[in-house]
Amino acid sequence: YLGTDHHELILPADVLARVEDLAAALDEPIADSAILPTLLLSRFARKQVKVVLTGEGADELFAGYGRYKAAYLSEQVSRLPGWGRGVAAAAARRMGKGPLFRLLPHADLADWARANAHTLPADADPLLTAGFRARSGKAEPFEWLKDWEGPHSLNGALAFDLRTVLGDCLLMKADKATMAAGLEARVPYLDRRLVEYALHLPASAKIRRLKGKYVLRRIAAKYLPRPIVWRRKHGFIVPWEEWVRSPESPALDALFSDAAWSRWDVFDAGALRSLRRRLAAGDRSADPGMLFRAAVLALWSRGI
């Protein structure tokens, strides 16, 4: 539509064979499975350019993720008088899926963090060795949030994610992947002046009619057709679940072998292989993300 020149990278069927490449790129384990395609994409881009612009920060500043709709609805419902709040909360709970919507009309910061966690300790327990579970105890992972003001508003939720997941995961992932490829990445959405401006915008400028990034979409409407501007969000996700279903993957076989965990009393290799078989058999309740996190940890541990 704009006449731009696009270059596409189609991931090969044996992409998991490239998982070994992650070891050299990581100073510490990263739980986001998008690190692998980000690394491959960075190498692809480096063949033609030395500097790229990326979109990190836009979702956290302008409410791009679906979970922010729950924070927005909670804020709106909480403003209603007591007699109408229950009815409005019941209606709001039907507008989306996931644990945050079930918590409406209100969720404190610990609830927000727990609902957004990739995996809760109880979910990981079956994959851990008895020795590791004994050492780690039953500590509440969100105890540190008790003294932090909860996100009773959309902007509160956005500020929390800016200070946690953006820096600790998303920016680190992009930095590790691009630097490993010799590529410089710039993040224009995180210009200090734009961040300060965005944090002071009202919720109505970020979500309207349950569409996130409202103000950015209005700007984009000047340059792009309506079907593109108002389409649903599509994240940078990878089909990890489909990859691990492959019956033959020497790279994964090695990472989930007893030998891979002989030095580390953390994951039970047998339990990991069982989880992989469940995924291969089509068990939708099995968590493919746990396999990725175990694989990254196994790769990283080889270099220390």
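Nothing here was measured: the structure is a model prediction, and the numbers come from that model.

> It is not clear to me how the nonpolar core should be interpreted in this structure. Could you clarify?
Soluble globular proteins tend to bury their nonpolar side chains together. One finds Leu22, Trp240, Phe256, Trp261, Phe267, Leu272 and Leu291 to be the most contacted residues of the largest nonpolar core, which totals 39 residues. Elements supplying a minimum of two residues to this core: α1 (21-25), α2 (35-46), α10 (154-180), α14 (240-244), α15 (250-255), α16 (269-280) and α17 (288-301). At 8 residues, the largest contribution of residues to this core is made by α17.

> For this particular structure, what's the right way to read the pattern of salt bridges?
Two side chains of opposite charge can pair, provided their charged atoms sit close to one another. For the structure shown, the criterion picks out 12 salt bridges. For Asp283, the salt bridge identified is with Arg278, shortest N-O distance 3.0 Å. What you see here is one network of salt bridges that share partners, running through Asp59, Lys213 and Lys233.

> Where do I start with the confidence of the model for the protein chain in this structure?
Segments scoring low in pLDDT should not have their predicted coordinates read at a detailed level. This prediction gives the protein chain a mean pLDDT of 84; 90% of its residues lie at or above 70. α1 is the least confidently modelled element of the protein chain, averaging 70 in pLDDT, while strand β1 (residues 51-53) averages 97, the highest of any element.

> Looking at this structure, I do not really get a positive patch on the surface. What am I missing?
Taken together, Arg208, Arg209, Arg218, Lys222 and Arg226 make up a surface patch of like positive charges. Checked against the element boundaries, Arg218 lands in helix α12 (residues 214-220). Relative accessible area serves as the criterion here: at 47%, Arg218 is assigned to the partly exposed category.

> Where do I start with a nonpolar patch on the surface in this structure?
Residues Tyr1, Leu2, Ile219 and Tyr223 make up a contiguous nonpolar surface patch of roughly 530 Å² in combined accessible area. Following the sequence through the fold, Ile219 ends up in helix α12. With relative accessibility at 44%, the residue Ile219 sits in the partly exposed group.

> Explain the packing of aromatic side chains here, please?
Aromatic rings in a pair are described by how distant their centres are and how their planes are angled relative to each other. This structure, assessed with the given rule, holds 3 aromatic pairs. A centroid spacing of 5.9 Å and a plane angle of 40 degrees characterise the contact between Tyr65 and Tyr68, whose relative ring orientation is tilted. Residue Tyr65 is classed as partly exposed on the basis of its relative accessible area of 22%. Arranged with centres 5.9 Å apart and planes meeting at 45 degrees, the rings of Tyr214 and Trp230 form a pair that is tilted. Of the two residues, Tyr214 is situated in helix α12 and Trp230 in the loop between α13 (226-229) and α14; the sequence distance between them amounts to 16 residues. For Tyr214, a relative accessible area of 8% translates into the label buried.

Conventions and cut-offs
In every chain, residue numbers begin from 1 and rise along the written sequence. pLDDT decides what is reported in this predicted model: residues at 70 or higher carry local features, side-chain atom pairs at 80 or more are listed and counted, and totals for whole chains, interfaces and linings draw on all residues regardless. The side-chain numbers reported here are obtained from all heavy atoms of the structure, hydrogens and water having been left aside. Working definition of a nonpolar core: buried Ala, Val, Leu, Ile, Met, Phe, Trp, Tyr and Cys residues. They are joined through side-chain atoms within 4.5 Å. Each residue is placed in one exposure class: buried if its accessible area under a 1.4 Å probe, protein chains only, is under 20% of its type's maximum, exposed if it is over 50%, and partly exposed if it falls in between. Counting from the N terminus, the helices are the DSSP runs of H or I reaching at least four residues and the strands are the DSSP runs of E reaching at least two. What counts as a salt bridge is simple: a side-chain nitrogen of Lys or Arg found within 4 Å of a carboxyl oxygen of Asp or Glu. The quantity known as pLDDT measures the predictor's confidence residue by residue, on a range of 0 to 100. In this scheme, patches are assembled from residues that exceed 30% relative accessible area and form no salt bridge. Like charges are connected within 9 Å, while nonpolar side chains (Val, Leu, Ile, Met, Phe, Trp, Tyr) are connected within 5 Å. To be clear on the numbers: accessible area is Shrake-Rupley with a 1.4 Å probe, and residue cover counts the displayed protein chains and nothing else. In this tally, Asp and Glu contribute negative charge and Lys and Arg positive charge; neither His nor the terminal groups of the chain are included. In plain terms, the charge of a residue is placed at NZ if it is Lys, CZ if Arg, CG if Asp and CD if Glu. By convention, a stacked pair of Phe, Tyr or Trp rings (six-membered ring in the case of Trp) has centres within 6.5 Å and planes under 30 degrees apart, an edge-to-face pair has planes over 60 apart, and any other such pair is tilted.

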